[in-house]
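Each chain, letter by letter, is given below.
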Amino acid sequence: MAKTFVLDELHITLRIPSGLPDSRSDELGVTLRGAEFMSRLRRAIRTVVRGDPELNVVRVSLSR
């Protein structure tokens, strides 16, 4: 028997203006794929989940 199961999944959609120059959208892509961005996003999610005592049994994972 599995030790955990998926209760819910949340998806984040990041949009940019369609008229943005290619060089700028490339820069944004590099930032979003970077380790620093993922690390900051993980910390933010962890802070939100830990802020609700009811969720102290929840395990959260973040993946691309």
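Relevant structure appears above.
Residues numbered from 1 in each chain as written. Predicted model: local features only at pLDDT ≥ 70, side-chain atom pairs only at ≥ 80, totals over all residues. Heavy atoms only, no water.

Enquirer: Any details on the overall build of the chain? Residues and values, ideally.
Expert: What the chain contains, in helices and strands, is 2 helices and 0 strands. The principal-axis extent of the C-alpha atoms belonging to the chain is close to 50 × 25 × 20 Å. Carbon and sulfur atoms form 55% of the exposed surface of the chain, whose accessible area is close to 6400 Å². Averaged over its 11 positive side-chain charges, the chain has a centre that lies 7 Å from the centre of its 8 negative ones. (Helix = DSSP H or I, 4+ residues; strand = E, 2+ residues; numbered from the N terminus. Areas by Shrake-Rupley, 256 points an atom, 1.4 Å probe, with all protein chains shown as cover. Lys, Arg positive; Asp, Glu negative; His and termini not counted. Charge placed at Lys NZ, Arg CZ, Asp CG, Glu CD.)

Enquirer: Tell me about the pattern of salt bridges, residues and numbers included.
Expert: Tallied over the full model, the rule gives 1 salt bridge. Of the charged contacts, one joins Glu 27 and Arg 24 as a salt bridge, the two residues approaching to 3.2 Å between their closest N and O atoms. Of this pair, Glu 27 and Arg 24 both sit in helix α1 (residues 22-33), separated by 3 residues, roughly a single helical turn. Residue classification places Glu 27 among the partly exposed positions, given a relative accessible area of 45%. What makes Arg 24 partly exposed here is its relative accessible area of 37%. (Salt bridge = Lys/Arg side-chain N within 4 Å of Asp/Glu carboxyl O. Buried < 20%, exposed > 50% of the residue type's maximum accessible area, 1.4 Å probe, protein only.)

Enquirer: Describe the layout of surface pockets, naming the residues involved and giving the relevant values.
Expert: Approximately 1300 Å³ is the volume found for the largest pocket. As for the largest pocket, its lining consists of 29 residues, and the residues nearest its centre are Asp 8, Glu 9, Leu 10, Val 60 and Ser 61. Elements with a minimum of two residues in the lining of the largest pocket: α1 and α2 (35-50). In terms of residues, the lining of the largest pocket owes the most to one element, α2, which gives 6 residues. When the residues that make up the lining of the largest pocket are grouped by side-chain class, the tally is 18 nonpolar, 5 polar and 6 charged. Considered as a void within the structure, the second largest pocket measures approximately 200 Å³ in volume. Along its surface, the second largest pocket is lined by Arg 42, Ile 45, Arg 46, Val 49, Arg 50, Asp 52, Leu 55, Asn 56, Val 58, Val 60, Ser 61 and Leu 62. In terms of residue class, the lining of the second largest pocket is built from 6 nonpolar, 2 polar and 4 charged. (1 Å grid on protein atoms, 1.4 Å probe; cavity = no way out; pocket = protein on both sides within 12 Å on 5 of 7 lines; lining within 4 Å. Points joined across faces, edges and corners; volume = space filled by probe spheres on them. Nonpolar A, V, L, I, M, F, W, Y, C, P; charged D, E, K, R; others polar.)

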